[in-house]
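# Close look at the chain arrangement
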Amino acid sequence: ARRRPRSSTMTKRILLATAACLPALASSSFHGSRSAFLPSSLFASPNLARRRRTDAVPTLALAAQPGKGDLYNDEELFDLLNLHESLNPAEEKGMFSGDIGGDNGDLNEESISGGIHDWVLQTLNEDDGADAKSNPSNGMGQSGDPTEASAIPGFHEMVLEAIEDINSASSPPKAEEENPSINQLAYDNLQTLLRDKKPSIRAIATDVDGTLLSGQYLHPRTQEAILKAIDQAYTSTEKQKIQHFFPATGKSRKGAEISLGPIIGPLLYQCPGVYIQGLYCVDKEGNVVFEKKLSASAVWAAEALVAEFGISIVGYDGDDLYTTEQTDVVISLSEYYGEPTVQLIADEGTDSVIKLADHEPGIHKLLLMDNDLEKLALFRPKLEELAKRNGATVTQAIPTMLELLPAGCSKADGVERLCEALGVDGATELLALGDAENDAGMLESAAIGIAVGNACPRAMDAADFIMRERHDEGAAGLAMNLFGFDV
């Protein structure tokens, strides 16, 4: 016959009542100290590990009442004695007040008719009787007698079940399961980063769209942290911990200024910067540190491919953006993402639209854009094949846009080049913040790489720490305060 599981409340009542009365049992039932009836070997192991009973429950005649030895043995009594010493009396009183005991609700052997053994059986019988009314077939056996041996679990097993119930009730609720690698980053690495790496940080590089900004919204906490970083680096008369702050973005310099608003935007011209995915890098005086453009063959091939798929195309030349057709997704670059207005590329003499490949002095990067993500997913493998044939590479920062860059170039490469010009060792002195695929290399190579809570999986995998907060909750500002500034 199958043993019916006991309710957690009933199990706790048995456990606590038993534990509460054991001292009395030890003196009255056994007429001596516990050392007189417990094997001396047990006292050599005060932290004796609990064991689960594996011996079968004794077979009982239906008319016979089980004896104490049928329910628990010396080892189990000793475990219960130790448990009794650690239980909170207040919890016992609160649980049993009004159920059993004297006027004050206290437990004692006298308050349980027939002693603890009989009270245990009484509790089992009451619980079985209540269940029998609602479920006549309760799995105890054909007779349904609650005193049948198969209906009584091992006493030690009940103790373990009760301990599990108590621990579950007293423990704080667990958060929803997360990616194990995220948990490890979030908890195991934090103290190491703060203790071993934060003291060396003296430069901050941050992505803009999706990290500092949500659309064109800049959280006040993030704005305050940017102002603090710029002040420490470029306006303070005293030497501060943060000596350099700069954006590292796929935007043009003008686009970053517009996007970050009237307070932060103009201050970017006091700062160095990595723009257009590392293809246009400047120091704080505006001197070009590094610049590279696509080959004309790559631009020609890309224009032919977008015509085949019906995808929009935009070319970047510094702060000037050009297209061959003003589609809705192209217009959104300035209306939603804050880039300068995209111009139709035209011949200066005739004003007729020309190919981007004909533009002089060339194109830094191309955006290949479409609001149909499935179409863009089908387009990407073709674009990557084209890139390999024409000395280019493909990356992505925003779901509706793919980017074609010169081979060997990336945001991470631009950050490395600018850090070298500034005299910063990126591997030991740079704090980097990002959210997208194109940020992964920068996060991985920095001393401390931080992914905001809305980051894509690739950026999260590359980061040393992942913020719980998203971009629109001020994650970047919190990260700069936590990992960059001294308190």
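In short, a report on the structure. (Residues numbered from 1 in each chain as written. Predicted model: local features only at pLDDT ≥ 70, side-chain atom pairs only at ≥ 80, totals over all residues. Heavy atoms only, no water.)

### Digging into the overall build of the protein
Keep this limit in mind: Under the scheme used here, helices are H or I runs from DSSP no shorter than 4 residues and strands are E runs no shorter than 2 residues, and both carry numbers assigned from the N terminus. Burial classes: relative accessible area under 20% of the type maximum marks a residue as buried, over 50% as exposed, and values in between as partly exposed (1.4 Å probe, protein chains only). Between two residues, a contact is recorded if the distance between any of their heavy atoms is within 4.5 Å. Residue exposure ignores everything except the shown protein chains as possible cover, and the areas themselves are Shrake-Rupley values with a 1.4 Å probe.
Secondary structure summary: the protein contains 21 helices and 16 strands in total. Across the 487 residues in the protein, those meeting the buried criterion constitute 50%. A fraction of 66% describes how many contacts in the protein between residues 6 or more apart in sequence connect residues 24 or more apart. For the protein, the exposed area adds up to about 23000 Å²; of that, 49% sits on carbon and sulfur atoms.

### Considerations on the sheet that holds strand β14 (residues 430-434)
Where strands meet in a sheet, backbone hydrogen bonds hold them as pairs that are either parallel or antiparallel. For clarity, the cut-off: One bridge is not enough; two strands pair if DSSP finds at least two bridges between them. Interaxial angles span 0 to 180 degrees and are taken between N-to-C directions of axes, which are lines fitted to C-alpha atoms, for helices over the stretch in contact.
One open sheet accounts for five strands, arranged β4-β1-β14-β15-β16; its pairing is parallel. A strand with exactly one partner marks an edge of an open sheet, and here the two such strands are β4 (244-247) and β16 (465-466). Both strand β15 (residues 448-451) and β16 contribute to a ladder of two bridges, which runs parallel. Its bridge partner being in β16, isoleucine 450 is matched across the sheet by phenylalanine 465. Sheet strands in contact with helix α17 (residues 411-422) are β4 and β14, and its direction is about 155° off that of β4.

### Things to note about the environment of aspartate 486
By the secondary structure assignment, aspartate 486 is in the segment after α21 (475-483). Ignoring any residue separated from it by four or fewer positions in sequence, one finds aspartate 486 in contact with Lys228 and Lys241.

### Some thoughts on unusual backbone geometry
Residue proline 361 is reached from glutamate 360 by a cis peptide bond, and omega for that bond is 15°. Positioned with a positive phi, isoleucine 276 is a non-glycine residue whose angle comes to about 50°. Position of isoleucine 276 among the secondary structure elements: in the loop between β5 (273-275) and β6 (280-282). Classification of isoleucine 276 by relative accessible area gives buried; the value is 0%. Even without glycine at this site, glutamine 277 takes up a positive phi of about 60°. By the element assignment, glutamine 277 lies in the loop between β5 and β6.

### Observations regarding helix α11 (residues 220-235)
So the rule is basically this: Working definition: the arc comes from the directions between the helix axis and the C-beta atoms, pointing outward to the latter.
Buried residues of α11: Thr222, Ala225, Ile226, Ala229, Ile230, Gln232, Ala233 and Tyr234, and no others. The buried residues of α11 all sit within an arc of 165° when viewed along its axis, so they share a single face. Of the exposed residues in α11, those oriented more than 90 degrees away from the buried face are Pro220 and Glu224. Packing partners of the buried residues in α11 comprise β1 (203-206), β3 (217-218), β4, α13 (261-264) and α21.

### A short note on the environment of methionine 480
Positionally, methionine 480 belongs in helix α21. Each C-alpha atom, one on methionine 480 and one on alanine 432, is 9.3 Å from the other, the two residues being 48 residues apart in sequence. The contact partners of methionine 480, leaving out residues within four places of it in the chain, are Ile204, Leu212, Thr222, Ala225, Ile226, Phe245, Leu431, Leu433 and Phe485.

### Quick notes on the side chain of aspartate 317
One can find aspartate 317 in strand β8 (residues 312-317). If we ignore the near neighbours within four places in the chain, the residues touching aspartate 317 are Lys293, Tyr322, His359, Pro361, Gly362 and His364.

### Concerning the pattern of salt bridges
Rules: Each salt bridge in this description consists of a side-chain nitrogen of Lys or Arg and a carboxyl oxygen of Asp or Glu lying within 4 Å of one another.
In total, this model carries 15 salt bridges according to the counting rule given. One salt bridge connects aspartate 439 with lysine 411, and the closest N-O pair in it is separated by 2.5 Å. A residue pair is termed long-range when its members are at least 10 positions apart, and aspartate 439 in the loop between β14 and α19 (440-445) and lysine 411 in helix α17 qualify at 28 residues. For the pair aspartate 439 and lysine 411, a shared accessibility class is recorded, and that class is buried. A salt bridge links glutamate 437 to arginine 458; the nearest nitrogen and oxygen atoms lie 3.7 Å apart. Of this pair, glutamate 437 sits in the loop between β14 and α19 while arginine 458 sits in helix α20 (residues 457-462), placing them 21 residues apart in sequence.

### Quick notes on a negative patch on the surface
Cut-off, in case you're wondering: Residues form patches when they are more than 30% accessible in relative terms and have no salt bridge. Like charges link within 9 Å. Nonpolar side chains (Val, Leu, Ile, Met, Phe, Trp, Tyr) link within 5 Å. Positive residues here are Lys and Arg, negative ones are Asp and Glu, while His and the chain termini are left out of the count. Taken as the charge centre is NZ of Lys, CZ of Arg, CG of Asp or CD of Glu, depending on the residue.
A grouping of Asp347, Glu348, Asp351, Asp358 and Glu360 is seen on the molecular surface, where their side chains present a negatively charged patch. Along the chain, the position of glutamate 348 falls in the loop between β10 (343-344) and β11 (365-369).

### Points about the packing of aromatic side chains
Stated precisely, the cut-off is as follows: Centres within 6.5 Å are what make two rings of Phe, Tyr or Trp a pair, Trp counting through its six-membered ring; a difference in plane orientation under 30 degrees is then read as stacked, over 60 as edge-to-face, and the rest as tilted. We call a charge positioned over a ring when the NZ of a Lys or the CZ of an Arg lies within 6 Å of the ring centre and within 35 degrees of the ring normal.
Under the definition given, this model contains three aromatic pairs. With 5.2 Å between their ring centres and 75° between their planes, phenylalanine 309 and phenylalanine 379 make a pair best called edge-to-face. Note that phenylalanine 309 is positioned in helix α14 (residues 296-309) and phenylalanine 379 in helix α16 (residues 373-389), a separation of 70 residues in sequence. Taking the relative accessible area as the measure of exposure, phenylalanine 309 reaches 21% and is therefore partly exposed. Owing to a relative accessible area of 0%, phenylalanine 379 belongs among the buried residues under this scheme. Aromatic side chains tyrosine 336 and tyrosine 337 sit 4.8 Å apart centroid to centroid with 85° between the ring planes, which places their arrangement in the edge-to-face category. Residue class for tyrosine 336 comes out partly exposed when judged on its relative accessible area of 44%. The residue whose ring lies beneath arginine 417 is phenylalanine 290, and the NZ or CZ to ring-centre distance is 3.9 Å.

### Remarks on the side chain of aspartate 209
Condition: Throughout this description, a polar contact denotes any pair of N or O atoms lying within 3.5 Å of each other; where both atoms belong to protein, one of them has to be capable of donating a hydrogen while the other can accept it, and for residues adjacent in sequence the pair is counted only when both atoms sit in side chains.
Examined against the element boundaries, aspartate 209 turns out to sit in the loop between β1 and β2 (213-214). In this structure the side chain of aspartate 209 is engaged in a polar contact, spanning 3.1 Å, whose partner is the side chain of lysine 251. With near-sequence residues (within four places) excluded, aspartate 209 lies in contact with Gly215, Lys251, Tyr337, Ile398 and Asp435.

### Focus on the pairing of β1
Here β1 shows two buried faces, one formed by Ala203 and Ala205 and the other by Ile204 and Thr206. Direction of pairing for β1 relative to β14: parallel, over a ladder of four bridges. Each bridged residue has a counterpart across the sheet, and for alanine 203 the counterpart in β14 is leucine 430. Sheet topology places β1 next to β4; four bridges connect them, and they run parallel. For alanine 203, the partnering residue across the bridge sits in β4 and is histidine 244.

### Regarding the sheet that holds strand β7 (residues 288-291)
One open sheet holds the three strands; their spatial order is β5-β6-β7, and the pairing between them is antiparallel. Each end of this open sheet is capped by a strand with a single partner; those strands are β5 and β7. Averaged over all pairs of adjacent strands, the angle between their axes in this sheet comes to 10°, without regard to strand direction. Bridge analysis of β5 against β6 gives three bridges, and the strand direction is antiparallel. Residue valine 274 lies in a different strand from β6, and its bridge partner there is cysteine 281.

Take it as geometry only, folks, not as evidence of what the structure does.
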